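Analysis of the macromolecular model
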Amino acid sequence: MAGEKSSPKKPGRPRDPAVAASVFRAARALLGEVGYDAVSMEAVAAAAGVGKQTLYRRWPNKAALLVDSCLADAAERVADPATGNLEADLERFLGDTFAALNSTGPGLRFLMSQAGLDPSFRERFDSDFLSVRRSTLRRIILRHAKAGREIKTAIDMIYGAMWYRLLVGHGPLDARFARDLASAATRILET
């Protein structure tokens, strides 16, 4: 029809989402097993049953691949609840987050340690993973509370406690901790 614009077709075959899912699973498994330094694009390709070219067409390097794999896992496993109650929403979000971390935590520990060693990786990890997860939590809080200084404090408190337990092993990331943290954050936000 006249006046309609058609979207241009991309050259080549369309990307199969099952390939990305397989690559992400393989990348997270290797990251947790051998650590950041020992993961290679070749090892991920072999574990996922795809060619190296498949990886390099989508991700420029292993850092980009590993960050994207952790972000995809979080998006798939962690709900953005809207129960109408701040404490219930936080408890559900944190419960889902902690359940996911109990399987992907070793890999995220490696990524966090790599972020401490490599400033360019830290920048990517912050912008592509940490900031995205903080934005999700902020969105949940803003559904119930007005923007203000307490929101940043609550987000820092939640993620600080989570990372402390994840990195140091101070205590479990479990449903009880999700409930306690949600309750404490709600008190800060509702005062």
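Our structure is the block above this text.
Keep in mind that what you see is a predicted model, and the values were worked out from it rather than measured.

**Here we look at the packing of helix α4 (residues 62–77) against helix α6 (residues 119–142)**
At their nearest, the axes of α4 and α6 sit 10 Å apart, and the two run at 10° to each other. Regarding the angle of α4 to α6, the classification is roughly parallel. Taken together, the residues of α6 that come into contact with α4 (itself represented by Ala63, Ala64, Val67, Asp68, Cys70, Leu71 and Ala74) are Phe121, Arg124, Phe125, Asp128, Phe129, Val132 and Arg133. Here the residues of the contact of α4 with α6 are counted per class, giving 10 nonpolar, no polar and 4 charged.

**Regarding the packing of aromatic side chains**
In the structure shown here, the tally under the stated rule is 5 aromatic pairs. Taken together, the ring pairs in this structure connect Tyr36, Phe121, Phe125 and Phe129 into an aromatic cluster. Lying over the aromatic face of tyrosine 36, lysine 62 brings its terminal NZ or CZ to 4.3 Å of the ring centre. The ring of phenylalanine 177 carries the charged tip of arginine 165 above its face, separated from the ring centre by 3.6 Å.

The rules behind the values
- Residues numbered from 1 in each chain as written.
- Predicted model: local features only at pLDDT ≥ 70, side-chain atom pairs only at ≥ 80, totals over all residues.
- Heavy atoms only, no water.
- Axes fitted to C-alpha atoms, helices over the stretch in contact; angles between N-to-C directions.
- Helix = DSSP H or I, 4+ residues; strand = E, 2+ residues; numbered from the N terminus.
- Parallel < 35°, antiparallel > 145°, perpendicular 65-115°, else oblique.
- Contact = heavy atoms within 4.5 Å.
- Nonpolar A, V, L, I, M, F, W, Y, C, P; charged D, E, K, R; others polar.
- Phe/Tyr/Trp six-rings, centres within 6.5 Å; stacked < 30°, edge-to-face > 60°.
- Lys NZ or Arg CZ within 6 Å of the ring centre and 35° of its normal.

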